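Observations on the model geometry
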Amino acid sequence: MAGGKMRKEKPKASNRAPSSQYQGGISFHKSKGQHILKNPLLVDSIVQKAGIKSTDVILEIGPGTGNLTKKLLEAGKEVIAVELDSRMVLELQRRFQGTPFSNRLRVIQGDVLKTELPRFDICVANIPYQISSPLTFKLLFHPTSFRCAVIMYQREFAMRLVAQPGDNLYCRLSVNTQLYARVSHLLKVGKNNFRPPPKVDSSVVRIEPRKPQPQVNKKEWDGFLRVCFIRKNKTLGSIFRQKSVLSMLEKNYKTLQAVLASLQNNGQAAPNTAMDLGDQSMGIEDDDNALDDDDDDMEMDEGDGGEASEFKEKVMNVLKEGAFEEKRSSKLSQQEFLYLLSLFNKSGIHFS
């Protein structure tokens, strides 16, 4: 002020994190995967690519403060938002209270992985990245059919979902997801579109469940893929010679034979589908992130003194019958995996 003394203002102490981590007075926790979309053009693009109809019931997971929720309410009939954080639930209710949208928004507070999801037509979500895999398969196995899911994932995870045979990121996740759904990449999203920005870029992926669902035993299929992708760049012949793999398969084989014999002795018909023998595949792990060694001249843990057992010959004969012994999982198509599994099952060899 002119003619007066200027007072030096002392900086106010604050325990708050940088303002970029706040919206409407709410702090975001990176540890909980709370990264809120702040780019309105990107939000519009996601909603547009989702192809929402005015009659759609939309499932949103992790709505946060409701930036995406608002656009979904404008596009569809109803939004069911599942949110774990009670602070965000209150913010959503406050934001839409007294608006035309208030009676078209249903908020469910809880862990989406533990919540029984209601019927919905389409899912549009920016999810916490740490639940990407279990959430994807929870949606794919949802008891009521839905048209599609448009989900924001960490970019590398998204690229694994859409990877094709021969791609560097092609893995068990790729094959498993694509058996149950058509998966396509929609757009790449830079980290600066979020508040607070995550450490990695993201991608939006469209997932359309296949109709009808494939008629496979889920545990059998997953157990089979776990073995095939122990080392995806090794030959299948090398993988199936491993002592741990042969031991697991032989145990399953003997258990099944004993069950079938018992049923026959009791005059009961043998089952037509793969039997669930419990989780015999524990300890057999794949490593999708490993840089696999392509040197297949080195035998992998054969452990039988060079003498092939009768069961090992049985397993190798299945691979030879389908000409799979020298093939690698990293280059096999989904149809080839299904065919190989059918050959194993035909020989009485099971993976679950």
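As annotated in an unreviewed UniProt entry, the protein carries the name rRNA adenine N(6)-methyltransferase and comes from Eutrema salsugineum. As recorded by UniProt, the Sequence similarities (unreviewed entry) comment attached to the protein reads in full: "Belongs to the class I-like SAM-binding methyltransferase superfamily. rRNA adenine N(6)-methyltransferase family."

**Observations concerning the overall build of the protein**
Each helix and strand counted, the protein has 11 helices and 11 strands in total. Within the protein, the fraction of its 352 residues that count as buried is 49%.

**Here's the deal with helix α11 (residues 334-346)**
Here α11 spans 18 Å end to end across 13 residues, near enough to the 18 Å set by a 1.5 Å rise per residue. Within the sequence span of α11, burial applies to Q334, F337, L340, L341, L343 and F344. Positioned one or two residues after α11, G348 has a phi angle of 85°, which is positive.

**A look at the UniProt feature "binding site: S-adenosyl-L-methionine" (unreviewed entry) in the protein**
Under the feature "binding site: S-adenosyl-L-methionine" (unreviewed entry), the UniProt entry names H35, L37, G62, E83, D111 and N126. The annotated residues that sit in the lining of the largest cavity are L37 and N126. Note that L37 resides in strand β3 (residues 36-37). Every residue in contact with L37, bar those within four places of it in the chain, is listed here: L42, V43, I46, N67, N126, M152, N193 and F194. Along the chain, the position of E83 falls in strand β5 (residues 78-83). Setting aside residues up to four positions removed in sequence, E83 forms contacts with G62, P63, G64, M88, V89, I108, Q109 and G110. Reaching out from E83, the side chain makes a polar contact with the backbone nitrogen of D85 at a distance of 2.9 Å.

**Looking at the packing of helix α2 (residues 67-75) against helix α3 (residues 86-96)**
The relative placement of two packed helices is expressed as an angle between their axes plus a distance between the axes. For the pair α2 and α3, interaxial distance at closest approach is 11 Å and the crossing angle is 45°. It follows that α2 is oblique to α3 by the angle criterion. The way α2 lies across α3 gives a crossing that is right-handed. Of the residues in α3, those in contact with N67, T69, K70 and L73 of α2 are L92, R95 and F96. Among the residues forming the contact of α2 with α3, the class breakdown is 3 nonpolar, 2 polar and 2 charged.

**Structural notes on the pairing of strand β6 (residues 105-109)**
With 5 bridges joining them, β5 and β6 adopt parallel strand pairing. Across the sheet, V82 pairs through a bridge with I108, a residue of β6. For the crossover that starts at β5, traverses α3 and ends in the parallel β6, the hand is right-handed.

**Things to note about the nonpolar core**
In this structure, L139, F224, F240, F337 and F344 are the most contacted members of the largest nonpolar core, which totals 65 residues. Residue-level mapping places this core at the junction of two domains, with at least three residues from each of domain 1 (30-209) and domain 2 (216-264 + 304-351). Setting aside chain neighbours within four positions, we find F344 in contact with F224, F240, V315, V318, L319, I349 and F351. One finds V43, C148, V189 and V204 within the second-largest nonpolar core, a separate group that totals 27 residues.

**A few points about empty space enclosed by the protein**
Within this structure, the stated rule accounts for 1 cavity of 30 Å³ or more. In this model, the largest cavity occupies a volume close to 30 Å³. Along its surface, the largest cavity is lined by L37, I46, L68, V124, A125, N126, V150, I151, M152 and V204. Of all elements in the fold, only β7 (122-126) and β8 (148-154) reach the threshold of two or more residues within the lining of the largest cavity. Partitioning the lining of the largest cavity into residue classes produces 9 nonpolar, 1 polar and no charged.

Each value, and the rule that gives it
- Residues numbered from 1 in each chain as written.
- Predicted model: local features only at pLDDT ≥ 70, side-chain atom pairs only at ≥ 80, totals over all residues.
- Heavy atoms only, no water.
- UniProt positions renumbered as here; feature names shortened; annotations may be inferred.
- Helix = DSSP H or I, 4+ residues; strand = E, 2+ residues; numbered from the N terminus.
- Buried < 20%, exposed > 50% of the residue type's maximum accessible area, 1.4 Å probe, protein only.
- Expected span 1.5 Å × (residues − 1).
- 1 Å grid on protein atoms, 1.4 Å probe; cavity = no way out; pocket = protein on both sides within 12 Å on 5 of 7 lines; lining within 4 Å.
- Contact = heavy atoms within 4.5 Å.
- Polar contact = N/O pair within 3.5 Å; in protein donor to acceptor, adjacent residues only side chain to side chain.
- Axes fitted to C-alpha atoms, helices over the stretch in contact; angles between N-to-C directions.
- Parallel < 35°, antiparallel > 145°, perpendicular 65-115°, else oblique.
- Left-handed = near helix turned anticlockwise from the far one by under 90°.
- Nonpolar A, V, L, I, M, F, W, Y, C, P; charged D, E, K, R; others polar.
- Pairing = 2+ DSSP bridges.
- Right-handed = clockwise from strand over helix to strand, strands pointing away.
- Core = buried A, V, L, I, M, F, W, Y, C linked by side-chain atoms within 4.5 Å.
- Domains from an automatic or database assignment.
- Points joined across faces, edges and corners; volume = space filled by probe spheres on them.

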